[in-house]
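# Coordinates in review
Spelled out from the first residue to the last, the chains are:
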Amino acid sequence: MLTFKSYTVEDVRDPFGIISGKRYEFMIELDVPEDDELYEEGGVSARVIVKVVEEQASIVTYDLLETSTGRILDFDLEEDEEADLELFCKEHLSE
């Protein structure tokens with residue numbers, strides 16, 4: 001299970017009206033224990049793009065980053081962790 005330390009969410013603007021629905025970018029700092037394979041000394045964050053179409057929200061894409069440097073990590077989350085991430089984003093869309 002993922003533990004979330006802090007986050008920000010921003011509306012992704014579509015000035016040309018090309019994409020359907022709305023898009024949001026979440027930056028979420030994760031609390032990763034030292035014994036986890038995702039652990040990085042500089043911390044781990046997730047950059048998540050969420051789309052909302054007809055009140056249905058889902059993750060379009062996400063990247064895991066080393067928090068201190070912004071370097072993209074070559075890891076993917078497990079299915080249950082992705083589900084936790086999606087649920088977190090859905091719960092915090094209105095903020």
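Residues numbered from 1 in each chain as written. Predicted model: local features only at pLDDT ≥ 70, side-chain atom pairs only at ≥ 80, totals over all residues. Heavy atoms only, no water.

## Overview of a negative patch on the surface
On the surface, a cluster of negative charge is contributed by Glu37, Asp74, Asp76, Glu78, Glu79, Asp80 and Glu82. Tracing the backbone shows glutamate 78 in the loop between strand S4 (56-66) and helix H1 (79-91). (Patch = residues over 30% accessible without salt bridge, like charges linked within 9 Å, V, L, I, M, F, W, Y side chains within 5 Å. Areas by Shrake-Rupley, 256 points an atom, 1.4 Å probe, with all protein chains shown as cover. Salt bridge = Lys/Arg side-chain N within 4 Å of Asp/Glu carboxyl O. Lys, Arg positive; Asp, Glu negative; His and termini not counted. Charge placed at Lys NZ, Arg CZ, Asp CG, Glu CD. Helix = DSSP H or I, 4+ residues; strand = E, 2+ residues; numbered from the N terminus.)

## Comments concerning the environment of glutamate 82
Tracing the chain through its elements places glutamate 82 in helix H1. In this structure the C-alpha to C-alpha distance between glutamate 82 and aspartate 14, which are 68 residues apart in sequence, comes to 26 Å. Every residue in contact with glutamate 82, bar those within four places of it in the chain, is listed here: Ile59, Tyr62 and Leu77. (Contact = heavy atoms within 4.5 Å.)

## Focus: the nonpolar core
Within the largest apolar cluster, 21 residues are counted, with the highest numbers of intra-cluster contacts made by Phe26, Ile28, Leu30, Val48 and Leu64. Among the elements of the structure, strand S2 (22-30), strand S3 (44-53), S4 and H1 are those that each provide at least two residues to this core. With 5 residues, S3 is the single largest residue contributor to this core. (Core = buried A, V, L, I, M, F, W, Y, C linked by side-chain atoms within 4.5 Å. Buried < 20%, exposed > 50% of the residue type's maximum accessible area, 1.4 Å probe, protein only.)

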